[in-house]
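# Commentary on secondary and tertiary structure
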Amino acid sequence: MPRLLVLLLITQAVTCAAALRAGTAKVDITPASHEVMWGFEDRLTPAASTLDPLYARVLVLEAGKTRLAIVTLDLGRSFGPASLDKIKESAKSTSGISCLLVNASHTHSAPVIRDENPKGPAEWERIAIEKIGHAIEEAAQHLQDAKIGSGVGHVEIGHNRLASNPDGSIRWFERNPERIKTAPVDSTVTVLRVDSAAGAPLAVLVGYACHPVVLGSDNQQYSADFPGVMNHLVEKQMGSKTTSFFLQGAPGDINPYYAVTPIAKDGIKWRDWTGEQLGSEAARVAKAIKTEASPEPAIDFAEDAFTFRLRWNPERFKAALEKFLGPQGIELYGAPISPEIHTMATTVLINKKIAIATIPGEPFVDFQTEWRRRNPAQTTILMGYTNGYYGYFPTIKAAANNGYGAASASTWVEVGAGEKILNNAIVRTYEFLGKFSDLPDDLKRDVYK
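Since the structure is predicted, the reported quantities are computational estimates derived from the model, not experimental observations.

## Overview of the overall build of the protein
Tallying secondary structure elements over the protein gives 10 helices and 20 strands in all. Computed over its C-alpha atoms, the radius of gyration of the protein comes to 22 Å, within 12% of the 22 Å expected for a compact globule of 449 residues. In terms of overall dimensions, the protein has a C-alpha envelope of 80 × 50 × 45 Å along the principal axes. The proportion of buried residues among the 449 residues of the protein is 57%.

As structure tokens, then:
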């Protein structure tokens, strides 16, 4: 065999062995049953029907021996620890998944998740978890050589819902149809595009921060709200073989302009407008991205455990929850009144360029802009509502100012919890980049506490 041909074959083998690989899947997880819907304490009647389906979307990425699965859910929150453990165990055993990120869009037109209720999860949840496991397996079975790239756009579809009064106090600013400018808000649309080796788009991931609450408590139909509209538009524009993912960011204090618009007053119209604005910008950015195959693909990740104190006196907190949700609401949602909260947060770095951090609840938008500002990576995505749900994570400043989500019955974790998770993720990113490789192990442990 000629020497040149031998060298060519060796080069091709090395290239194939080192390639990033990707696979996708999508499954309908809409309940067949009529469940009470998430998100509005004044809506305790079951869903009547389905406006648009609720999906679980799966992207599996492989680099070397590491497999990352990103799962997005058209649900109000991600599942609780026991249900997540089932998904993780299934994903590891059937698909060799090393790291799992389960992100909920936080739509308020999805069923209440009851997996942490003493009575256990509802039947629809058990079915959904099984479907998600099969979807991860399907995506992993169809891995192919892939290229990845990123881009950034901007769109304004929402406002900060905690407005300051002249005396410095905070007022609730739910709807803003006049589109009055507010702050802080993050208009950044962060887009990841994953292509086949031939350049055909496989997945488009869209990171943005805004509450999916265009549809309000009068709506009695399951709906993904504006993220569903966005995903549909992106898939239509990018091609039928593309799966679009909405990665919910840090919208703890961000509402859409047309929040809680009654169905009778064009709620669906404004849901569609909001999703189309975001989807059009995401598709524009995605089309302009030039994906590339990394010569040394890598997926670095770390899963760190955190223990936070309950922010309030447990008995007073329980009383506040009962007042806020009512007895039936407590039964539906459960009462998180443990003095300590044990949770996990994950940091991922893809190809030494794309940094992802997770927060298991509703982070305020400043965490997203800080993650981007302080991070050494080329592209950053903050995923709230991921791998657990522990209420709002306000910034220290927001907690001091009070207001809904900053100091209310829906805010459980101690002040400063979000800052601790974010700081840890930044340190982890620097470590993945080799900046802290010379730190002794005992000092690393101190850093990550």
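Read on for the rest.
## Observations regarding the nonpolar core
In terms of nonpolar packing, the biggest core is built from 36 residues, with Phe 308, Trp 371, Leu 382, Phe 393, Trp 412 and Ile 421 touching the most fellow members. Broken down by secondary-structure element, the contributors of at least two residues to this core are β15 (299-309), α6 (314-333), β16 (340-350), β17 (354-358), α7 (365-374) and α9 (417-432). A total of six residues in this core trace back to one element, the largest contributor, which is α9. With 33 residues, the next largest nonpolar core counts Ile 29, Val 102, Ala 135 and Ala 224 among its residues.

## Details of the packing of aromatic side chains
Tallied over the entire structure, the rule returns 10 aromatic pairs. Ring centres 6.0 Å apart and planes at 80° place the aromatic pair Phe 226 and Phe 246 in the edge-to-face group. Here the residue Phe 226 occupies a position in helix α4 (residues 225-238), and Phe 246 occupies one in strand β13 (residues 243-248), the gap between them amounting to 20 residues. With relative accessibility at 3%, the residue Phe 246 sits in the buried group. Here the aromatic residues Trp 172, Phe 364, Tyr 392 and Tyr 404 are joined through ring pairs into a cluster of three or more. Residue placement shows Lys 26 over the ring face of Tyr 55; its charged tip is 4.8 Å from the ring centre.

## Regarding the pattern of salt bridges
Any two side chains of opposite charge can pair if their charged atoms end up close together. In this structure the tally under the stated criterion is 20 salt bridges. Between Glu 370 and Arg 373 there is a salt bridge whose closest N-O contact spans 2.9 Å. In this pair, Glu 370 and Arg 373 are both assigned in helix α7, three residues apart and thus about one turn of the helix distant. Its relative accessible area of 27% is what places Glu 370 among the partly exposed residues. Through salt bridges with shared partners, a single network forms among Lys 26, Arg 57, Asp 74 and Glu 235.

## Remarks on the sheet that holds β15
Pairing is mixed across the open sheet formed by four strands, whose spatial order is β15-β16-β17-β19. At either margin of the open sheet sits one strand with a lone partner, and together these are β15 and β19 (379-383). Averaged over all neighbouring strand pairs, the angle between strand axes comes to 15°, with direction disregarded. Direction of pairing for β16 relative to β17: antiparallel, over a ladder of four bridges. By the bridge assignment for β17, Val 348 is matched with Ile 356. Here α7 sits on the sheet and contacts β16, β17 and β19; the angle it forms with β19, its principal contact strand, is near 155°. Those strands touched by α9 are β15, β16 and β17, and its axis lies near 155° from that of β15.

## Here we look at the layout of surface pockets
Here the largest pocket defines a volume of roughly 960 Å³. In terms of lining, the largest pocket is formed by 42 residues, of which the most central are Trp 38, Tyr 333, Tyr 389, Ser 410 and Trp 412. Counting only elements with at least two residues in the lining of the largest pocket, the list comes to α6 and β16. Top contributing element to the lining of the largest pocket by residue count: α6, with four residues. Class assignment for the residues of the lining of the largest pocket results in 23 nonpolar, 12 polar and seven charged. In this model, the second largest pocket occupies a volume close to 260 Å³. In this structure, the second largest pocket is lined by 16 residues; those nearest its centre are Asn 160, Pro 184, Asp 253, Ala 398 and Asn 401. Taken together, the elements giving at least two residues each to the lining of the second largest pocket come down to β8 (162-164), α7 and α8 (396-401). When residues in the lining of the second largest pocket are grouped by element, the largest group, three residues, is from α8.

## Let's talk about the side chain of Asp 186
Mapping Asp 186 onto the fold places it in the loop between β9 (170-172) and β10 (188-196). In this structure the side chain of Asp 186 is engaged in a polar contact, spanning 2.7 Å, whose partner is the side chain of Thr 188. Side-chain polar atoms of Asp 186 contact the side chain of Gln 368, separated by 2.8 Å.

## As for the pairing of β13
Burial within β13 is extensive, with six of its six residues counted as buried. Alternating positions in β13 separate into two faces, Thr 243, Phe 245 and Leu 247 on one and Ser 244, Phe 246 and Gln 248 on the other, with burial throughout. In this sheet, β13 lies alongside strand β11 (residues 201-208) in parallel orientation, the contact comprising six bridges. Bridge pairing links Leu 205 to Phe 245 in β13.

About the cut-offs
- Residues numbered from 1 in each chain as written.
- Predicted model: local features only at pLDDT ≥ 70, side-chain atom pairs only at ≥ 80, totals over all residues.
- Heavy atoms only, no water.
- Helix = DSSP H or I, 4+ residues; strand = E, 2+ residues; numbered from the N terminus.
- Rg over C-alpha atoms; globule rule 2.2 N^0.38 Å.
- Buried < 20%, exposed > 50% of the residue type's maximum accessible area, 1.4 Å probe, protein only.
- Core = buried A, V, L, I, M, F, W, Y, C linked by side-chain atoms within 4.5 Å.
- Phe/Tyr/Trp six-rings, centres within 6.5 Å; stacked < 30°, edge-to-face > 60°.
- Lys NZ or Arg CZ within 6 Å of the ring centre and 35° of its normal.
- Salt bridge = Lys/Arg side-chain N within 4 Å of Asp/Glu carboxyl O.
- Pairing = 2+ DSSP bridges.
- Axes fitted to C-alpha atoms, helices over the stretch in contact; angles between N-to-C directions.
- Contact = heavy atoms within 4.5 Å.
- 1 Å grid on protein atoms, 1.4 Å probe; cavity = no way out; pocket = protein on both sides within 12 Å on 5 of 7 lines; lining within 4 Å.
- Points joined across faces, edges and corners; volume = space filled by probe spheres on them.
- Nonpolar A, V, L, I, M, F, W, Y, C, P; charged D, E, K, R; others polar.
- Polar contact = N/O pair within 3.5 Å; in protein donor to acceptor, adjacent residues only side chain to side chain.

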